[in-house]
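# Inside the fold
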Amino acid sequence: MAGKSSKWAAFPHDAKAFAYAGDALKKAWPALHAGDNEPYPDAKRAQALLDAAGKAAKGLDATSLSTKLQDAWRAFHHGDFQAAFEAGEALGPLGASVAVKALGIHATYLVDDDAEKLKRFEQAAKLAEAAVKALPGEANSHYRHAFALGRYSQGLSIAKALKQGIAGKVRESLNATLELAPKHAEAHTALALYHAEIIGKIGAMIGGLTYGAKAAEAESHIKTALKLTPDSPIAHVEHGNVLLLLYGEKKEDAAAGAFEKAGKLKPKDAMEALDAAYAQSQLE
């Protein structure tokens, strides 16, 4: 498991530009979180989380929670994913957003062992589930749940995930996210993939009849994501993936164009650097 004992693989690129010390974090926040709509964790926001979480708040006060969340996000953006995860996990459901994101992004790109990857996504889904219970009014409680389950189902195989009913849970969580935050770009991206992966796996007809998967929905959601976050590498990466899943060879050139665009964008943090590097690797 992603525990304290084992050392996680380090972020493999230069992270100097992603330090965001002191006030730099607040200044860069809108750009850093354009994709996931995470509110900046100042004291007022921390207090709102404490009020909403009630019993799950573990005797924290707003000032210390705010500092701890800012430090955890600083670690995340800098590529210190293990530190970000451990700091977030220690805060229970109040730190789940950063903990799940750190665990999930690290597992996606920096864990090679498939069984270990699955274990980590499963762990991330459990953390997110607790956050959904404690903070159901938070868009990212639902989004991180969908993200962890979605990554888990990709590792499992889409067919198995459909059989186990995971796809339905992913869709429910994404719908809940967009009800609370209609401009959540990453949720739009994930919904586009939901439709495209089902169609790619079982075809448009059965996918449509059984799971309500539609190519037009996939296209519409990815278009929204690209409009909301034109500078985000992951939106372009997943645009390429959606095109390949829906149209295969027919849209190979357009997909390559999307990967190329993602690879050329200037990353704002460690996650975007990994997204961009992944996009470049798809072109090789």
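It should be noted that the structure appears before, not after, this text.
For the structure given in this document, a descriptive report is provided here. (Residues numbered from 1 in each chain as written. Predicted model: local features only at pLDDT ≥ 70, side-chain atom pairs only at ≥ 80, totals over all residues. Heavy atoms only, no water.)

### Considering the overall build of the protein chain
To keep it simple, the criterion reads: Secondary structure counts use DSSP, requiring at least four H or I residues in a row for a helix and at least two E residues in a row for a strand, with both numbered from the N terminus. Between buried and exposed lies partly exposed: a residue is buried under 20% and exposed over 50% of the maximum accessible area for its type, with that area taken using a 1.4 Å probe on protein chains only. The contact rule is simple, with two residues in contact once any of their heavy atoms fall within 4.5 Å. Here the open area of atoms and residues is found with the Shrake-Rupley method and a 1.4 Å probe, where only the protein chains shown may cover a residue.
Looking only at helices and strands, one finds 15 helices and zero strands in the protein chain. Referenced to the eigenvectors of the C-alpha coordinate spread, the extents of the protein chain come out at roughly 55 × 40 × 35 Å. Here the protein chain, with 284 residues, has 54% of them falling under the buried criterion. Considering only contacts within the protein chain whose residues lie at least 6 apart along the sequence, 65% involve residues at least 24 apart. Summing over all exposed atoms, the protein chain offers an accessible surface of approximately 13,100 Å²; the carbon and sulfur share of this is 56%.

### Side note on unusual backbone geometry
The bulk of non-glycine residues show a negative phi, and the bulk of peptide bonds are trans. For Tyr 20, which is not a glycine, the phi torsion comes out positive at approximately 45°. Its location among the elements puts Tyr 20 in the segment before helix H1 (24–32). If you check the backbone angles, Asn 37 has positive phi at about 55° while not being a glycine. Mapping Asn 37 onto the fold places it in the loop between H1 and helix H2 (43–53).

### A few points about the side chain of Asp 36
Applicable threshold: N or O atoms closer than or at 3.5 Å make up a polar contact, with two conditions inside protein: a donor-capable atom paired with an acceptor-capable one, and, for residues adjacent in sequence, both atoms drawn from side chains.
Looking at the element boundaries, Asp 36 is found in the loop between H1 and H2. Here His 33 takes part through its side chain, which lies 2.9 Å from a polar atom of the side chain of Asp 36. Reaching out from Asp 36, the side chain makes a polar contact with the side chain of Lys 101 at a distance of 2.9 Å. Apart from residues lying up to four places away in sequence, Asp 36 is in contact with Trp 73, Lys 101, Asn 140, Arg 144, His 184 and Glu 186.

### A word on the packing of aromatic side chains
Going by this rule: Only rings of Phe, Tyr and Trp enter the pairing, Trp through its six-membered ring, and a pair is recorded when the two centres are within 6.5 Å. The plane angle decides the type: under 30 degrees is stacked, over 60 is edge-to-face, the rest tilted. Put simply, a charge is over a ring when the Lys NZ or the Arg CZ is close to the ring centre, within 6 Å, and near the line of the ring normal, within 35 degrees.
Evaluation of the coordinates by the stated rule reveals nine aromatic pairs. With a centroid separation of 6.5 Å and 65° between ring planes, the pair formed by Phe 11 and Phe 18 is classed as edge-to-face. Members of the aromatic cluster, joined through ring pairs, are Phe 11, Phe 18, Trp 29, Tyr 40, Trp 73, Phe 76 and Phe 81. Between Arg 120 and the ring centre of Trp 8, over which it is positioned, the NZ or CZ distance is 4.8 Å. For the cation-ring pair, Lys 251 lies above Tyr 247, with the distance from its terminal atom to the ring centre recorded as 4.5 Å.

### Describing the environment of Leu 244
Turning to its location among the elements, Leu 244 is positioned in helix H13 (residues 233–247). For the pair Leu 244 and Ala 254, spaced 10 residues apart in the sequence, the C-alpha separation amounts to 9.0 Å. With residues near it in sequence (within four places) discarded, Leu 244 still touches Glu 252, Ala 255 and Phe 259.

### Overview of helix H12 (residues 215–228)
Quick reminder of the rule: For a helix, the expected span equals 1.5 Å multiplied by the number of residues minus one. Each direction from the helix axis to a C-beta atom contributes to the arc, which is the arc of those directions.
The end-to-end C-alpha distance of H12 is 20 Å, a good match for the 20 Å that 14 residues give at a rise of 1.5 Å each. For H12, the complete set of buried residues consists of Ala 218, His 221, Ile 222, Ala 225 and Leu 226. Across the axial projection of H12, the buried residues extend over an arc of 135°, all falling on one side. The exposed residues of H12 that point more than 90 degrees off its buried face are Ala 216, Lys 223 and Lys 227. Buried residues along H12 sit against helix H9 (166–180), helix H10 (185–202) and H13.

### Observations concerning the nonpolar core
Selection criterion: For the purposes of this section, nonpolar cores are sets of buried Ala, Val, Leu, Ile, Met, Phe, Trp, Tyr and Cys residues that join through side-chain atoms within 4.5 Å.
Counting 72 residues, the largest nonpolar core has Phe 11, Phe 76, Phe 81 and Ile 105 as its most contacted members. Residue contributions to this core peak at nine residues, all from helix H5 (residues 96–110). Contact partners of Phe 76, with chain neighbours within four places excluded, come to Phe 81, Ala 84, Val 98, Lys 101, Ala 102, Ile 105, Asp 269, Ala 270 and Met 271. With 13 residues, the next largest nonpolar core counts Ala 46, Ala 53, Ala 57 and Leu 94 among its residues.

### A short note on the packing of H2 against helix H3 (residues 62–78)
Helix-helix packing: each pair is described by the crossing angle between the helix axes and the interaxial distance. For clarity, the threshold we go by: Between N-to-C directions, angles cover 0 to 180 degrees, with each direction set by a line fitted to C-alpha atoms, over the stretch in contact for helices. Roughly parallel covers angles under 35 degrees, roughly antiparallel covers those over 145, roughly perpendicular covers 65 to 115, and oblique covers all other angles. As a working rule, the residues Ala, Val, Leu, Ile, Met, Phe, Trp, Tyr, Cys and Pro are called nonpolar, Asp, Glu, Lys and Arg charged, and the rest polar, with Gly in that last group.
In contact at an axis separation of 8 Å, H2 and H3 are set at 110° when each is read in the N-to-C sense. Taken together, the axes of H2 and H3 lie roughly perpendicular to each other. Packed against H2, whose contacting residues are Ala 43, Ala 46, Gln 47, Leu 49 and Leu 50, the element H3 presents Ala 62, Leu 65, Ser 66 and Leu 69 at the interface. A breakdown of the residues in the contact of H2 with H3 according to their chemical character gives seven nonpolar, two polar and no charged.

### Thoughts on the pattern of salt bridges
For clarity, the threshold we go by: Criterion for a salt bridge: a side-chain nitrogen of Lys or Arg within 4 Å of a carboxyl oxygen of Asp or Glu.
Under the criterion given, the structure shown has 12 salt bridges. In this structure, Glu 38 engages Arg 45 in a salt bridge whose closest nitrogen and oxygen atoms are separated by 3.8 Å. For the pair shown, Glu 38 and Arg 45 are each scored as buried. Across the salt bridge formed by Glu 116 and Lys 119, the nearest N and O atoms sit 3.9 Å from each other. With a gap of three residues between them, Glu 116 and Lys 119 both fall in helix H6 (residues 114–134), about one helical turn apart.

### Considerations on the packing of helix H7 (residues 139–156) against H9
What counts, and what does not: Note: crossing handedness is left-handed where the near helix turns anticlockwise from the far helix by less than a right angle, and right-handed where it turns clockwise.
Relative to each other, H7 and H9 sit at 155°, their axes nearing to 8 Å. The angle between the axes of H7 and H9 places the two elements in the roughly antiparallel class. The interaxial crossing formed by H7 with H9 has left-handed handedness. Contacts from Ala 139, His 142, Tyr 143, His 145, Ala 146, Leu 149, Gly 150, Tyr 152, Ser 153 and Leu 156 of H7 reach H9 at Ile 166, Lys 169, Val 170, Ser 173, Leu 174, Ala 176, Thr 177 and Leu 180. Per-class residue counts for the contact of H7 with H9 are 11 nonpolar, six polar and one charged.

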